[in-house]
Amino acid sequence: MANPHVFRSRDIAAGQESVSHPWNANAEIVSVQLGKRLGLKRTSVSIARLPAGKESAVPHAHHREEEWLYVLMGEGAMLIGADEVPVGAGDFVAFPAPQVVHNLKNIGSDDLVYLTGGENAKMDVVDFPTLGKRTVRLGADVTVYDVASGAEIPAAPKAKKQKK
């Protein structure tokens, strides 16, 4: 019988999903939400693989949630504010709230593999400065605003997921 507190490596490998960001055609992460699979609700922990040349998301900054990542293997470039900082195996990156704008891309020829996690707050505000958008999330409900006008705009489609 499986223990509800242990997520075995064979099951982790079988549970991988490819996720793309709806606002960035070059974003593709292959990941498994480790914490969610074992019932964690207040924090998230995932193992992620970023294929060569791909990005993790869109440059963004959370107002209320904190995020972190620990690089296991590969070469990346982390946008942090206006700077692009090289990251590689053994590097730890943290974004306390309110966060500075950030995004990760794989600049190597092999996969960039990392652990990542953060908070699962009931409410968060996220800025996407390169897109001029802001999202406000209350629970599962997300509203998107145009930063310049403050007007509500149609939400982007949900991130696409597919089993790997």
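Each value, and the rule that gives it
Residues numbered from 1 in each chain as written. Predicted model: local features only at pLDDT ≥ 70, side-chain atom pairs only at ≥ 80, totals over all residues. Heavy atoms only, no water. Helix = DSSP H or I, 4+ residues; strand = E, 2+ residues; numbered from the N terminus. Buried < 20%, exposed > 50% of the residue type's maximum accessible area, 1.4 Å probe, protein only. Contact = heavy atoms within 4.5 Å. Phe/Tyr/Trp six-rings, centres within 6.5 Å; stacked < 30°, edge-to-face > 60°. Salt bridge = Lys/Arg side-chain N within 4 Å of Asp/Glu carboxyl O. Polar contact = N/O pair within 3.5 Å; in protein donor to acceptor, adjacent residues only side chain to side chain. Patch = residues over 30% accessible without salt bridge, like charges linked within 9 Å, V, L, I, M, F, W, Y side chains within 5 Å. Areas by Shrake-Rupley, 256 points an atom, 1.4 Å probe, with all protein chains shown as cover. Core = buried A, V, L, I, M, F, W, Y, C linked by side-chain atoms within 4.5 Å.

K.L.:
Explain the environment of Gly108 here, please?
P.N.:
Here Gly108 shows up in the loop between β9 (102-106) and β10 (112-119). Residue Gly108 is classed as buried on the basis of its relative accessible area of 13%. Along the sequence, Gly108 and Pro51 sit 57 residues apart, while their C-alpha atoms lie 8.9 Å from each other. For Gly108, the contacting residues outside a window of four places in its chain are Ala52, Gly53 and Glu75.

K.L.:
I would appreciate a short explanation of the packing of aromatic side chains in the present structure.
P.N.:
The geometry of an aromatic ring pair is captured by two quantities: the separation of the ring centres and the angle between the planes. Counted according to the given criterion, the structure contains two aromatic pairs. Relative to Phe128, the ring of Trp23 has its centre 4.9 Å away and its plane inclined at 90°; by these criteria the two rings are edge-to-face. In this pair, Trp23 is assigned in the loop between β1 (17-21) and β2 (24-33) and Phe128 in strand β11 (residues 123-128), connecting sequence segments 105 residues apart. In this structure Phe128 comes out as buried when scored by relative accessible area, which is 7%. When the centroid spacing of 6.1 Å and the interplanar angle of 25° are considered together, the rings of Trp68 and Phe92 count as stacked. Of this pair, Trp68 sits in strand β5 (residues 67-73) while Phe92 sits in strand β8 (residues 92-95), and the two are 24 residues apart along the sequence.

K.L.:
How should I be thinking about the pattern of salt bridges in this particular structure?
P.N.:
Where charged atoms of side chains with opposite charge meet at close range, the side chains can pair. The final tally for this structure, using the stated rule, is five salt bridges. Across the pair Asp111 and Arg49 runs a salt bridge whose closest N-O atoms are separated by 3.2 Å. With Asp111 in the loop between β9 and β10 and Arg49 in strand β3 (residues 43-50), the pair connects residues that are 62 residues apart, well separated along the chain. Lys105 is paired through a salt bridge with Glu84; the nearest N and O atoms lie 3.4 Å apart. Here Lys105, found in strand β9, pairs with Glu84, found in strand β7 (residues 83-88); they are 21 residues apart in sequence, far enough to count as distant. For Glu84, a relative accessible area of 52% gives the class exposed.

K.L.:
When you look at the side chain of His62 in this model, what are you seeing that I'm missing?
P.N.:
Mapping His62 onto the fold places it in strand β4 (residues 61-62). At a separation of 2.4 Å, a polar atom in the side chain of His62 contacts the side chain of Asp124. Those residues in contact with His62, other than ones at most four positions away along the chain, are Glu67, Pro98, Gln99, Asp124, Val125 and Val126.

K.L.:
Sorry if this is basic, but what is going on with unusual backbone geometry here?
P.N.:
Residue Pro98 is bonded to the preceding Ala97 through a cis peptide linkage, with omega at -10°. Here Pro98 is to be found in the loop between β8 and β9.

K.L.:
Looking at this structure, I do not really get a nonpolar patch on the surface. What am I missing?
P.N.:
A contiguous nonpolar surface patch, about 400 Å² in accessible area, is contributed by Tyr70, Leu72, Met73 and Phe92. If you tally residues by element for the nonpolar patch, the top one is β5, at three residues.

K.L.:
Would you mind going over the nonpolar core with me for this structure?
P.N.:
Soluble globular proteins tend to pack their nonpolar side chains together in the buried interior. Grouped together as the largest cluster of nonpolar side chains are 12 residues: Ile29, Ala48, Leu50, Leu69, Val71, Met78, Val87, Val93, Phe95, Leu104, Leu112 and Tyr114. At the level of elements, β3, β5, β8 and β10 are the ones that each hand at least two residues to this core. Excluding its chain neighbours within four sequence positions, the residues that come into contact with Val87 are Val71, Gly74, Glu75, Gly76, Ala77, Met78, Val93 and Leu104.

K.L.:
Sorry if this is basic, but what is going on with the environment of Gln33 here?
P.N.:
With respect to the secondary-structure elements, Gln33 resides in strand β2. Residue classification places Gln33 among the partly exposed residues on the basis of a relative accessible area of 35%. Taking the C-alpha atoms as reference points, Gln33 and Ser46, separated by 13 residues in sequence, lie 4.4 Å from one another. In this view, Gln33 contacts Val45 and Ser46; residues no more than four positions away in its chain are not counted.

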